Amino acid sequence: MAKGLGYLSIALGAAELLAPRAMCRAAGLNGMEPLVRSYGAREIATGVAILTSHNRAPWIWGRVAGDMADIATVATGIRQNGEKTTNAILTLAALAAVTAVDVMCASGLESEKGNRKTAVADYSDRSGFPGGLQAARGAARHLKIPADMKTPEILKTPEMSSSAQAAS
Amino acid sequence: MRALVWHGTADIRCERVPDPEIEDDRDAIIKVTSCAICGSDLHLFDHFMPGMKSGDIMGHETMGEVVEVGSAAKSALKVGDRVVIPFTIICGECEQCKRGNFSVCERSNRNKNLGDKVFGHTTAGLFGYTHLTGGYAGGQAEYLRVPFADKTHIKVPDSIPDEKLLFLSDIFPTGWQGAAQCDIQPTDTVAIWGCGPVGQMTIRSAILLGAKQVIAIDRLPERLSMAEAGGAITINFEEESVIDRLNELTGGKGPEKCIDAVGLEAHATGSIDSMYDRAKQAMMLETDRPHVLREMMYVCRPAGVLSIPGVYGGLLDKIPLGAVMNKGLTIRTGQTHVNRWTDDLLTLVVENQIDPSFVITHTEPLERGPEMYKTFRDKQDGCVKVVLKP
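Keep in mind it's a predicted model, so treat the numbers as computed, not measured.

S.K.: Just to check I follow, could you spell out the overall build of chain B for this structure?
M.R.: Check the secondary structure of chain B and you find 13 helices and 18 strands. The C-alpha atoms of chain B give a radius of gyration of 20 Å, which matches the 21 Å a tight globule of 390 residues would have. Per-residue burial for chain B yields a buried fraction of 66% across its 390 residues. Summarising the internal contacts of chain B: among those between residues at least 6 apart in sequence, 71% fall at separations of at least 24. By element, 51% of the accessible surface of chain B is carried by carbon and sulfur atoms, the whole surface being about 13500 Å².

Shown next, in the form of structure tokens:
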């Protein structure tokens, strides 16, 4: 479904970008061609992102945000332009339907991946140190760091030099 | 034999392919007993790395048993030896190998011309990676041909299970080098971006090397819990400002040592610069997403060190080099010089100072590899590290 919404975004975006006047007429919006053209650019960018990203959920949520902007714009048009009300109401209905589909799709993608704010596993017992964390702290300090990876003495602060001597 | 074969973006299949054969006197063939999926395999899976061809066999974290040895490798290996195979192929004879700079071996990349063109000068050949690094068949397979096998191996004792040794091939020495090249002092705060497998190994390495304070940054609760278990203070970048928190934990001065264990596919979805990177990447105007690099360069204490074990592939945009220059930061990076470290690290494992198997969350048969790539990439099911058994 996400891929389909990506293609829909690009197609709609291209129409808004290339034929803003026709789109405005169909939606009952007069004098909003520059705004509709900018929405077209937004749709194309979102569509490309949906098709190219392996994590599509944020971009589908981006579509939902765009739907809200579209609905607000058409609603504003209804107030300003009485004689085209029918077209605008039909557009609003279509936008509401598309928004519902976008929300369903985004929610579905999120639930596929689980709620990432909740741990899906607990690894708090996996220190990797069989002798315990305290014993591990500094346990390999004696291993030699190659000269090409050492901080030149001249760049070390006196504090660094003295603590390194104390540790060795 | 069966092997995991790359066919395109997010298209890896378990297929039957011809068994490898000795092609050079210095080759050996090993029967793979364990292999793993690496975070850098995901850059190939997602096709962010150029130079892949359909039919390439994946995998560069491999161990097994020697089953055939070329005549020139017999002084170093014999049939039946148990070996871990480092992901970097090394000749052991060139000027760079003699200096211990194994990941830039001058002779092991059989596509040297490609490497020269893309990187200016060639790097070492790598198993199961792009054709820029030789296009050698990888070890997510039943058998692996090891070129320059007399040098490209780590002999391991029979008494220790695969799970504790396998990561000597890559992520353990990579995490170790990430920490070691910071030259950690007992007074240092070390900040590590990314709590994936390399990040987890880097955290343990920094603890073993005696850092005063280790701070780990990620967003996935289970990975943060693993980081905390290893001794790190954690920052969830989706819940708090990384910059503010790092400054708070260092008395406003910033960490002395900053380590990027994330690389080119940073997932900081909430920041403006990462949205910019996403958009540019979608339009093919930028290859990598360097959010972590920008953050490290900004927050690092003056005269500090930036260590970059995370993999980058190409061209990066909006890098605050002004901060690097004016603060006098040192940058150390590179693919891992695996064999430079493995004697010491094997000793740490044998002496039970560390058990690298802590990071394994999934062990599956090889044929489930394609599915596990997706699980690992999408971080489903608490996946941190996948080991495959051919």
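S.K.: Sorry if this is basic, but what is going on with the interface of chain B and chain A here?
M.R.: Much of the literature gives interface size as the accessible area that the parts lose upon coming together. Each partner contributes residues to the interface: chain B has 55 residues there, and chain A has 44 residues. Applying the counting rule to chain B against chain A returns two salt bridges. A salt bridge links Lys150 of chain A to Asp183 of chain B; its shortest N-O distance comes to 3.7 Å. Applying the counting criterion to the chain B and chain A interface returns 17 residue pairs in polar contact (both at pLDDT 80 or more).

S.K.: What should I look at first to understand unusual backbone geometry in this one?
M.R.: Both trends apply: most residues other than glycine have a negative phi, and most peptide bonds are in trans. All names here are of chain B. Look at His47: it is not a glycine, yet its phi comes out positive at around 60°. Summarising the element assignment, His47 is placed in the loop between α1 (39-45) and β4 (56-57). Judged by its relative accessible area of 35%, His47 is partly exposed. In this structure, Asp183 takes a positive phi of about 50° despite not being glycine. Turning to its location among the elements, Asp183 is positioned in the loop between α5 (171-180) and β11 (189-193). We classify Asp183 as buried; its relative accessible area is 2%.

S.K.: Even after reading the chapter, I still don't get the sheet that holds strand β1 (residues 2-8) of chain B, so can you show me in this structure?
M.R.: Across a sheet, paired strands are connected by hydrogen bonds in the backbone, their directions being either parallel or antiparallel. Residue and element names in this part refer to chain B. The sheet built from three strands is open, its strands ordered β2-β1-β4 with antiparallel pairing. Each of the sheet's edge strands pairs with one partner strand only, and the pair in question is β2 (11-16) and β4. When β1 meets β4, the two strands line up antiparallel, connected through two bridges. Across the sheet, residue Trp6 finds its bridge partner in β4, namely Asp56. Packed onto the sheet, helix α13 (residues 369-377) meets β1 and β2 and runs at close to 160° relative to β2.

S.K.: Looking at this structure, how should I read helix α7 (residues 221-229) of chain B?
M.R.: Side chains that are three or four residues apart share a direction in an α-helix, a result of its 3.6 residues per turn. The buried fraction of α7 of chain B is high, at eight of nine residues. Within α7 of chain B, the full set of buried residues consists of Pro221, Glu222, Arg223, Leu224, Ser225, Met226, Ala227 and Ala229 of chain B. Along its buried surface, α7 of chain B packs onto α6 (133-136) of chain A together with α6 (197-208), β12 (213-218), β13 (233-236) and α13 of chain B. Immediately downstream of α7 of chain B, the backbone of Gly231 of chain B shows phi near 105°, a positive value.

S.K.: Just to check I follow, could you spell out the pattern of salt bridges for this structure?
M.R.: Should their charged atoms come close, side chains of opposite charge can pair. Residue and element names in this part refer to chain B. Scanning all chains against the criterion turns up 36 salt bridges over all chains. A salt bridge links Lys112 to Asp116, with the shortest nitrogen-to-oxygen separation between them at 2.8 Å. Taken as a pair, Lys112 and Asp116 lie in helix α3 (residues 112-119) at a separation of four residues, close to a single helical turn. On the basis of relative accessible area, Lys112 is assigned to the partly exposed category, the value being 37%.

S.K.: In this structure, what is going on with the packing of aromatic side chains? I would like to understand it.
M.R.: Within a pair of aromatic rings, the relevant descriptors are the distance that separates the centres and the angle that separates the planes. The tally for this structure, following the rule as stated, stands at one aromatic pair over all chains. Relative to Tyr373 of chain B, the ring of Phe45 of chain B has its centre 5.3 Å away and its plane inclined at 40°; by these criteria the two rings are tilted. Here Phe45 of chain B is found in helix α1, whereas its partner Tyr373 of chain B is found in helix α13, with 328 residues between them in sequence. Residue Phe45 of chain B is classed as buried on the basis of its relative accessible area, which comes to 3%. Directly above the aromatic system of Tyr39 of chain A lies the positively charged group of Arg42 of chain A, at a separation of 4.9 Å from the ring centroid. Geometry around Tyr136 of chain B places Arg110 of chain B over its ring, the cationic atom sitting 4.2 Å from the centre.

What counts and how
Residues numbered from 1 in each chain as written. Chains lettered and ligands numbered in written order. Predicted model: local features only at pLDDT ≥ 70, side-chain atom pairs only at ≥ 80, totals over all residues. Heavy atoms only, no water. Helix = DSSP H or I, 4+ residues; strand = E, 2+ residues; numbered from the N terminus. Rg over C-alpha atoms; globule rule 2.2 N^0.38 Å. Buried < 20%, exposed > 50% of the residue type's maximum accessible area, 1.4 Å probe, protein only. Contact = heavy atoms within 4.5 Å. Areas by Shrake-Rupley, 256 points an atom, 1.4 Å probe, with all protein chains shown as cover. Salt bridge = Lys/Arg side-chain N within 4 Å of Asp/Glu carboxyl O. Polar contact = N/O pair within 3.5 Å; in protein donor to acceptor, adjacent residues only side chain to side chain. Pairing = 2+ DSSP bridges. Axes fitted to C-alpha atoms, helices over the stretch in contact; angles between N-to-C directions. Phe/Tyr/Trp six-rings, centres within 6.5 Å; stacked < 30°, edge-to-face > 60°. Lys NZ or Arg CZ within 6 Å of the ring centre and 35° of its normal.

Bear in mind that shape data such as this cannot, by itself, settle questions of function.
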